[in-house]
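# Coordinate inspection notes
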Amino acid sequence: MSNKRRSRKKNSLRYHKASVLGISMILILLVVVVSVGSLSLKAKNSAYIAQEAELEAKIAEQEERAKEIDELEAYVGTDEYVEQVAKDKLGLVHEDEIIFKNNN
């Protein structure tokens, strides 16, 4: 009977070692997969941070442009603008203005 017990213990011990080895391999594989996924996510996060900074710069640029357009719109509605366009494009002048032309 003692041989049977030893044989059972050896088989049990082999089975136990194989189970521990299998679980260890699964855990190692899991750690590798999680690590690779983590690195991939960090790279994507860095790209998104750079894209966010670029978009914020574009937003600031467009806000500045919108402000300039609003200022131009306010200027276009003034009499000063109308006079300037009449002088530049139509060649009109006020009645009391004298125009000097250079004949070169």
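Calculation rules
- Once a new chain begins, its residue numbering starts again from 1 and follows that chain's sequence as written.
- In view of the model being predicted, local features appear only for residues whose pLDDT reaches at least 70, and side-chain atom pairs are presented and counted only at 80 or more, with totals across whole chains, interfaces and linings using the full set of residues.
- The basis for every side-chain value is the complete set of heavy atoms in the structure, and neither hydrogens nor water enter the calculation.
- Surface patches are drawn from residues lacking salt bridges whose relative accessible area is over 30%; two like charges belong together within 9 Å, two nonpolar side chains (Val, Leu, Ile, Met, Phe, Trp, Tyr) within 5 Å.
- A 1.4 Å probe and the Shrake-Rupley method give the accessible areas. Residues count as covered only by the protein chains that appear here.
- What counts as a salt bridge is simple: a side-chain nitrogen of Lys or Arg found within 4 Å of a carboxyl oxygen of Asp or Glu.
- The sign given to each residue is positive for Lys and Arg and negative for Asp and Glu; His and the chain ends receive no count.
- Note that the charge is assigned to NZ on lysines, CZ on arginines, CG on aspartates and CD on glutamates.
- Here a helix means four or more residues in a row that DSSP labels H or I, a strand means two or more in a row labelled E, and each is numbered from the N terminus.
- Only protein chains enter the accessibility calculation, which uses a 1.4 Å probe; a residue is then buried when its area is under 20% of its type maximum, exposed when over 50%, and partly exposed in between.
- For a helix, the expected span equals 1.5 Å multiplied by the number of residues minus one.

Turning our attention to a negative patch on the surface. A surface patch of like charges, here negative, comprises Glu64, Glu68, Asp70, Glu71 and Glu73. By secondary structure assignment, the location of glutamate 71 is in helix H1 (residues 2-76). Its relative accessible area of 51% is what places glutamate 71 among the exposed residues.

For the rest of this paragraph, the subject is helix H2 (residues 79-90). If you check H2, its first and last C-alpha atoms are 15 Å apart, about what 12 residues at 1.5 Å a residue would give, namely 16 Å. Judged by how many residues are buried, H2 sits mostly at the surface: one of 12 residues are covered. Directly after H2, the chain includes glycine 91, whose backbone phi takes a positive value near 75°.

This next bit is on the pattern of salt bridges. For side chains bearing opposite charge, pairing can occur when the charged atoms are close. Per the counting criterion, the structure on display carries one salt bridge. Lysine 58 serves as the salt-bridge partner of glutamate 54, at 3.6 Å between the closest nitrogen and oxygen. Here glutamate 54 and its partner lysine 58 are both found in helix H1, four residues apart, which amounts to about one turn of the helix.

Just geometry here; none of it tells us what the structure is for.
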